[in-house]
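# Chain and residue survey
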Amino acid sequence: MSIFTPTNQIRLTNVAVVRMKKAGKRFEIACYKNKVMSWRSGAEKDLDEVLQTHTVFVNVSKGQVAKRDDLSSAFGTEDLTEACTQILAKGELQVSDRERQSQLEHMFRDIATIVAEKCVNPETKRPYTVILIERVIKQLQQSIQIQRAHMRLRFVLPARDGKRLKEKLRPLIKTVENEDFTEQLEMVCLIDPGCFRDIDELIRCETKGKGTLEVLSLKDVEEGDEKLE
Amino acid sequence: MGHTSLEKIIALQKKTPHIRNLCILAHVDHGKTTLADCLVASNGIISSRLAGKLRYLDSREDEQIRGITMKSSAISLHYTTGGNEYLINLIDSPGHVDFSSEVSTAVRLCDGAIVVVDAVEGVCPQTQVVLRQAWLENIRPVLVINKIDRLIVELKLTSQEAYTHLQKILEQVNAVTGSLFTSKVLEERAEKDAEAQSSCTENGSGDQVYDWSAGLEETDDSDLYFSPDRGNVVFASAIDGWGFSIHQFAEMYSQKMGIRSSVLLKTLWGDFYLNAKAKKIMKGAQSKGKKPLFVQLVLDNIWSMYDAVVTRRDKEKVEKMVTSLGLKVMSRDLRHSDPKVLLSAICSQWLPVSQAVLSMVCEKLPSPAEISAERVEKLMSVGARRFDSLPEQTQELKKAFLDCSADETAPVIVFVSKMFAVDSKALPQNKQRPLTQEEIAQRREQARQRHAERQAANQSAESPGAGCIATPINRCITEALSVKTAVEEDNKEHFVAFARVYSGVLRKGQKVFVLGPKYDPSLALRLPEGCSAADVLPSVPHMACCTVDSLYLLMGRELEELDEVPTGNVLGIGGMEEFILKSATISTSPSCPPFTPLNFEATPIVRVAVEPKHPSEMPKLVRGMRLLNQADPCAEVLIQETGEHVLVTAGEVHLQRCLDDLRERFAKIEISASKPIIPFRETVIRPPKVDMVNEDMGKQQKVAVIHQVKEEQTKYPEGVQVDSTGLVTLTTPNKMATVGVRAIPLPEEVTRLLEDNVELIRTMEQFSLFAWEDKTLDINQKILENIQEFKVKLESNLQGRKWRGAVERIWAFGPRRCGPNILLNSVEGYRRPSVWQCLEREKETEKAEIRDFDNSIASGFQLATLSGPMCEEPLMGVCFSVETWDMKLSAPLAQQDSIDEDSQTAEPNIDNQNESSDTHETNASSASSNRSRSGAEAAGSSVDCYGPFSGQLIAAMKEACRYAFQAKPQRLMAAMYTCEIMATAEVLGRVYAVLSKREGRVLQEEMKEGTDMFIIKAVLPVAESFGFADEIRKRTSGLASPQLVFSHWEVISSDPFWVPTTEEEYLHFGEKADSSNQALKYMNAVRRRKGLYVEEKIVEHAEKQRTLSKNK
């Protein structure tokens, strides 16, 4: 057992420790910072760029190496590299600064993209750009007009059920674009995508499969470029 | 000369032969605005001391700061010569390339142009451009060689050297004119040849005459050229305020030396010298080594003046010169420490530049009445339409143009070349003017009354009557409100139309037709004969009726209100913003044709996306962009499908101005501009035969790579089976349906065919939709024929074993049901109605049956093609062939499979089919009941834990398509511009360098006949085009100007997922292949923008991180 003095103390500054408890034992490996996530996502393919050393520790900061017997009982192998990859894949790790930062950024982008994808400017029926949405999210006191992009549906109902169903459907429909009630009720309308399942069910149950429902467009947005004039 | 009064100008406006409409054209920084200043100063509008420094016509702040003109602006001047009074409508134009659209607007309204050339720099690129513009508009140019003082002071040339230098410049200018002339003649010649050839073939055999003369010999071009002895050249130094034509000196010396001025005129410029002994003017100064006459009589005088005043500052000599010239110079100027002040004081009296230029203009340039028939025809024939093909009534208007009469009967024809924004404060109606006595009295009275009221109110407030207090407060509020609305009114931008009257008299309050650029005069024939704008008329496209609101005289920064403007004048028209977008023709006759569109030398190519700093200000931005579009002849604004607001400008400087305008005038908000979003497409290709180092793929041994194996494993999740030929089989989560899909690249021609026939496909789609509901849609014969033709073309392009019968088996097109991708039905034993059923209406083949959930498969395909797996961009040119589609359809089976309690409990309900119950159970009942159309079961629609079955199938199909796509070699497709570049031979190399740096590819290069210009055609990825125009201009010093037009989509040859696998590739690229992969770069950029996962390491090299924390 070595004695810890300031002179023989080695500071581990570029180290991220990945820990795992298996078979009642604690195992640790020493990795480079900001690398473990890349390994897990598959971006980093070189194990040597992730591991400081192909050694399994009980305690990295104290430099205590795990015993061979414990390793084989826990991992079923004595191959250190194999054990390391297992720990890397499943162990718990301390997320490093830049990993966390990129995670957050990624999440934020994701949210903004989803919002931009699903929503439109109700006035122009055109989507907002991701950059704009991001800016709005960041400065929360700002507000813009935003609306979930509508779904355009067309359904054909037998005349018998038409009248009755129409009343039931009314609260679920945002706007009716086209309505034709001759032999059967044919409607083209815009709905909130959240109501889709309700409408689908309603039509299927009430008409016993005689009504048809068709999605004309998943989101109702203006197509093509518009010249401002 | 004193300030010319408004009345005087109005009087002059009526004398058409004494009007000159002209513009000043030149390369940037050659002194247009300075010259304009001198001319303005001659009318006493600005002090002649400030001329050249004030730049009066540069009224914008950024124009003053940058020192370049950015817009064309007009001013009316008065000039008297030889007892004749002239009205000169002068338009100053910008010289910078980006604003050449402004030049076009100016040139259109003029009859003549002053072309200014810097004596040091000579002919510059923009000089050539403006000469061409003047040429195209058929207006007559005169030349001013400016900045001669620089030859003396900066270059320190002797008068002899300066003479040769000036000669050279003149030659250059004439060379440009000459080449314009020859190219025109050659064009005409080519046309004639083509005609002759067609007639020849008609004649069949006959004597073939080969004519090799270029036609140049027969055409006279002598009156085109500039030459001082013709009197169309002025030598000047606008900054020092002097300028002269040979004419002036000839007059001067004919008195002094007793030589006839006509002789002097001929000999003063050219290779002539004065033989003092013989008292004769002899030819051949150069060969005899004598001073040419021009040097001796003209330049030497100026040189000695500069020598005395600027270089040596010889006071005595100066005084002597001043007295000999008979000038009076103020002692203040004589004592001034800056010699330039003295110089300009002397020169502006001795040889005033305005005198020289204006007299030349009045003499040499045509008046509006002298408009040539050729020009009229050119103006009237829109586009490719020949003048003869115009309606008769329209052709009659030609006479009105030529007469240019201001009669009551003459039809009014006005052309508006641009709209410009004016602050409402600058409008004459809103201008503050001194109050009259009565008004002052009235105001005083009002104030007194208000005061009295207030006092009364105060008194009543003291008394307990509370109700009275409300009144003054209310009034305060209403007053405040009215003030606020007034302020808002004030902030509104007013647009004034920049226009010229070609015929008739335009009056305030007159009813006129406003004809848009796309108006067709033949439509007017349908209108009742002799109708006027005052009548109620049926609406005609691109025509509007309106009342002339107000007329203005344009005086640079100022506007003066007018009541009427007779023919031949340049004017401003107010209140037209609702009728005119950018340019228009105004007439009282509906048969008037719209004028030909302006020739824009620069097309807008610099694209940026603009966004407000504060997202809530979006509506303001949109409004501002609309206004900007109206105010700028060249800018384009549009909202893209992605929701971006895109501004397209002619260049970086123009862009800057547009943004400034948006910020400060039109939108009044903070905005930011960024690179616009670049679209991509995703596709698959046939497996490449050679690898990255051009080695044959099959023969080589692949080197085992560890991480490659890892990747293979992660590519497909559980439940997806992929066989070696790329067939992907996928089962829905409830294990009820299995689909097998294969992706096949479509031949390029097919993709193009699909793209070109979107409308047809849409019609077909609509037809099938109607057929689905047993209805019919009537399609007219023409379209049916087109569809038939389209089908035949598709068949001819889809040849080979693989595609046998493929056209008949097409299931759908996508994305959005009409895109360039195909869904193919290769399911054995499944015959569904084809997409071509509109063609087969008559034959009525055996009734093909549609399986249930047919629609779900198609929807899955639509979704898959809308966003591909590489970076969620739409697919293009991919065919998905559905090879297997198995459904376990029987109801009991379905229920066994999806152990769904709901449907179990619902079982009893199937029998009694309780209609009215809308409890949850009915779902299942309807689910297990038969669907009406097919008579088959609908077990699939049972509600299980995975949601509706149709949805599951859509998702499964979508995923299957995506994996099938990934099983093939994937490629990105980039949008390409075709780029046409005109460049001179000397900058050709640099053009190529810029192109290759930006991944461009040159298609062809050819020389333009009759000039030394090369025309280069190239393709360039849109992704690389940001800043391209600017770079190419910078690198070629403006000698090459590109024009970019979107042309097509092109597969990027490199594989974004490529990693070296063979020995050679390792050798070449190393293990990591860190050399840049263009496709990967694009793909990652898009993914990052969309917030998708990018396979990128946070830190590249683990060891190279900063290892110490801050406090150690």
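Residues numbered from 1 in each chain as written. Chains lettered and ligands numbered in written order. Predicted model: local features only at pLDDT ≥ 70, side-chain atom pairs only at ≥ 80, totals over all residues. Heavy atoms only, no water.

You'll find chain B entered in an unreviewed UniProt entry as Elongation factor-like 1, with Cyprinus carpio carpio given as the organism.

Keep this limit in mind: UniProt positions are given in the numbering used here, feature names are shortened, and annotations may be inferred rather than shown by experiment.
With an unreviewed UniProt entry as reference, chain A is termed Ribosome maturation protein SBDS, source organism Cyprinus carpio. As stated in UniProt under Sequence similarities (unreviewed entry), the record for chain A gives "Belongs to the SDO1/SBDS family." Its UniProt record, at the heading Subunit (unreviewed entry), says of chain A: "Associates with the 60S ribosomal subunit."

## A short note on helix 33 (residues 1028-1035) of chain B
All names here are of chain B. Cut-off, in case you're wondering: Exposure is judged per residue with a 1.4 Å probe applied to protein chains only, and the accessible area is read against the type maximum: over 50% gives exposed, under 20% gives buried, and values in between give partly exposed. Only DSSP runs of H or I with at least four residues qualify as helices, and only runs of E with at least two residues qualify as strands; both kinds are numbered from the N terminus onward. Contacts between residues were defined by any pair of non-hydrogen atoms, one from each residue, lying within 4.5 Å.
Buried residues dominate helix 33, accounting for six of its eight residues. Listed as buried for helix 33 are Phe1028, Ala1029, Asp1030, Glu1031, Ile1032 and Arg1033. On its buried side, helix 33 packs onto helix 21 (652-666), strand 31 (970-984), helix 32 (988-997), strand 33 (1013-1021) and strand 34 (1041-1051). Directly after helix 33, the chain includes serine 1037, whose backbone phi takes a positive value near 50 degrees.

## Section: the packing of aromatic side chains
Residues and elements named next belong to chain B. Put simply, the test is: Only the six-membered ring of Trp is used, alongside the rings of Phe and Tyr, when aromatic pairs are assigned; centres must lie within 6.5 Å, and planes under 30 degrees apart are stacked while those over 60 apart are edge-to-face, with the rest tilted. We call a charge positioned above a ring when the Lys NZ or Arg CZ atom is no farther than 6 Å from the ring centre and deviates by at most 35 degrees from the ring normal.
Scanning all chains against the criterion turns up 26 aromatic pairs over all chains. Taken together, a centroid distance of 4.8 Å and an interplanar angle of 15 degrees make the contact between phenylalanine 415 and phenylalanine 595 stacked. Placement of the pair is phenylalanine 415 in strand 10 (residues 413-423) and phenylalanine 595 in the loop between strand 19 (584-587) and strand 20 (606-612), with a sequence separation of 180 residues. Of the two residues, phenylalanine 415 and phenylalanine 595, both sit in the buried class. The structure contains a cluster of three or more aromatic residues connected by ring pairs, namely Tyr163, Phe235, Trp242, Phe244, Phe249, Tyr253, Trp269, Phe294, Tyr306 and Trp350. The ring of phenylalanine 415 is capped by arginine 108, whose NZ or CZ atom sits 5.1 Å from the centre of that ring. The cationic tip of arginine 500 hangs over the ring face of tyrosine 502; the distance from NZ or CZ to the ring centre is 4.5 Å.

## Considerations on the packing of helix 4 (residues 100-108) of chain B against helix 5 (residues 125-136) of chain B
All names here are of chain B. In plain terms, the rule: Lines fitted to the C-alpha atoms define the axes, with helices restricted to the stretch that makes contact. Angles between their N-to-C directions range from 0 to 180 degrees. By definition, turning the near helix anticlockwise from the far helix through less than a right angle yields a left-handed crossing, and turning it clockwise yields a right-handed one.
Viewed as axis vectors pointing N to C, helix 4 and helix 5 meet at an angle of 30 degrees, and their least axial separation amounts to 10 Å. Read as a crossing pair, helix 4 and helix 5 show a hand that is right-handed. For the pair helix 4 and helix 5, contact is made by Ser100, Val103, Ser104 and Val107 and by Gln126, Val130, Gln133 and Ala134, respectively.

## Here we look at the UniProt feature "domain: Ribosome maturation protein SDO1/SBDS N-terminal" (unreviewed entry) in chain A
Following the UniProt record, the feature "domain: Ribosome maturation protein SDO1/SBDS N-terminal" (unreviewed entry) maps to residues 14-101 of chain A here. Span residues 14-101 of chain A is 34% helix and 26% strand, its end C-alpha atoms 17 Å apart.

## Here we look at unusual backbone geometry
All names here are of chain B. Here the phi dihedral of lysine 147 falls at roughly 60 degrees; this positive angle occurs in a residue that is not glycine. Within the secondary structure, lysine 147 is located in the loop between strand 5 (140-146) and helix 6 (148-153). For glutamate 872, which is not glycine, the phi torsion reads 60 degrees and is therefore positive. Looking at the element boundaries, glutamate 872 is found in the loop between helix 26 (854-866) and strand 30 (878-887).

## So, the sheet that holds strand 10 (residues 184-191) of chain A
All names here are of chain A. We count it as follows: Any two strands are treated as partners once DSSP identifies two or more bridges connecting them.
The four strands are arranged 9-10-8-11 in an open sheet whose pairing can be described as antiparallel. Each edge of the open sheet carries a strand with a single partner, namely strand 9 (173-181) and strand 11 (212-217). Strand-to-strand, the axes of this sheet are offset by a mean angle of 20 degrees, without reference to chain direction. Looking at chain direction, strand 8 (residues 151-158) and strand 10 are connected through eight bridges and run antiparallel. Bridge pairing in strand 10 links arginine 152 to leucine 190. Seen against the sheet, helix 6 (residues 159-169) touches strand 8, strand 9 and strand 10 and runs at an angle of roughly 140 degrees to strand 8.

## Here we look at helix 2 (residues 68-75) of chain A
All names here are of chain A. Put simply, the rule reads: This arc is taken over the directions from the axis of the helix to the C-beta atoms.
The set of residues buried in helix 2 consists of Asp70, Leu71, Ala74 and Phe75. Along the axis of helix 2, the buried positions cluster into a sector of 100 degrees, meaning they face one direction only. Turned more than 90 degrees off the buried face of helix 2, the exposed positions are Arg68, Asp69 and Ser73. Where helix 2 is buried, its residues meet strand 1 (15-22), strand 2 (25-32) and helix 3 (80-90). Glycine 76 lies just past helix 2 and shows a positive phi near 70 degrees.

## With respect to the pairing of strand 10 of chain B
All names here are of chain B. Extensive coverage of strand 10 is indicated by the burial of 10 of its 11 residues. Sheet topology places strand 10 next to strand 11 (residues 493-503); 10 bridges connect them, and they run antiparallel. Note that in strand 11 the partner of isoleucine 413 across the bridge is serine 503. In the sheet, strand 10 pairs with strand 19 via four bridges, with the strands oriented antiparallel. Among the inter-strand pairings, phenylalanine 415 is bridged to a residue of strand 19, identified as threonine 585.

## Let's talk about the sheet that holds strand 23 (residues 671-674) of chain B
Read across the sheet, five strands follow the order 12(A)-21(B)-22(B)-20(B)-23(B) without closing on themselves; strand pairing throughout is antiparallel. Looking at the sheet topology across the chains shown, the edges are occupied by strand 12 (226-227) of chain A together with strand 23 of chain B. Where strand 21 (residues 636-639) of chain B and strand 22 (residues 645-649) of chain B come together, four bridges link them in antiparallel fashion. Paired with glutamate 636 of chain B across the two strands is valine 648 of chain B, which belongs to strand 22 of chain B. Together, strand 20 and strand 23 of chain B form the strand contacts of helix 5 (residues 130-138) of chain A, whose direction differs from that of strand 20 of chain B by roughly 25 degrees.

## Some thoughts on a negative patch on the surface
Residues and elements named next belong to chain B. Our working definition: Residues enter a patch when their relative accessible area is above 30% and they make no salt bridge; the linking distance is 9 Å between like charges and 5 Å between nonpolar side chains (Val, Leu, Ile, Met, Phe, Trp, Tyr). Accessible surface is estimated by sampling points in the Shrake-Rupley manner with a 1.4 Å probe; for residues, cover comes only from the protein chains shown. In the sections that follow, a salt bridge refers to a side-chain nitrogen of Lys or Arg positioned within 4 Å of a carboxyl oxygen of Asp or Glu. In this tally, Lys and Arg are treated as positive and Asp and Glu as negative; His is ignored, and so are the chain termini. A charged residue contributes its charge at one atom only: NZ of Lys, CZ of Arg, CG of Asp or CD of Glu.
There is a patch of like negative charges on the surface, built from Glu187, Glu188, Glu191 and Glu195. On the secondary structure map, glutamate 195 appears in helix 7 (residues 159-203). Judged by relative accessible area, glutamate 195 falls into the exposed class, the value being 53%.

## Things to note about the pattern of salt bridges
Residues and elements named next belong to chain B. Enumeration according to the criterion identifies 48 salt bridges over all chains in this entry. With a shortest N-O distance of 2.8 Å, lysine 418 and glutamate 102 are connected by a salt bridge. Taken as a pair, lysine 418 in strand 10 and glutamate 102 in helix 4 lie far apart in primary sequence, 316 residues in all. Taken individually, lysine 418 and glutamate 102 each receive the classification buried, so the pair is uniform in this respect. With a shortest N-O distance of 2.9 Å, glutamate 883 and arginine 742 are connected by a salt bridge. Of this pair, glutamate 883 sits in strand 30 while arginine 742 sits in strand 27 (residues 737-745), and the two are 141 residues apart along the sequence.

## Re the UniProt feature "domain: Ribosome maturation protein SDO1/SBDS central" (unreviewed entry) in chain A
Within this structure's numbering, the places UniProt gives as "domain: Ribosome maturation protein SDO1/SBDS central" (unreviewed entry) are residues 109-148 of chain A. The annotated region residues 109-148 of chain A carries 48% helix and 10% strand content, and the separation between its end C-alpha atoms amounts to 18 Å.

## Examining the side chain of asparagine 34 of chain A
The cut-off we apply is this: Within 3.5 Å is the distance limit for a polar contact, defined as a pair of N or O atoms, with the added protein rule that one can donate a hydrogen and the other accept it, and that residues adjacent in sequence qualify only through two side-chain atoms.
Along the chain, asparagine 34 of chain A falls in the loop between strand 2 and helix 1 (36-41). From its side chain, asparagine 34 of chain A meets the backbone nitrogen of glutamate 99 of chain A in a polar contact 3.5 Å long. Residue contacts for asparagine 34 of chain A: discarding those within four places in its chain leaves Ser96, Asp97, Arg98 and Glu99 of chain A together with Ile1098, Val1099 and Gln1105 of chain B.

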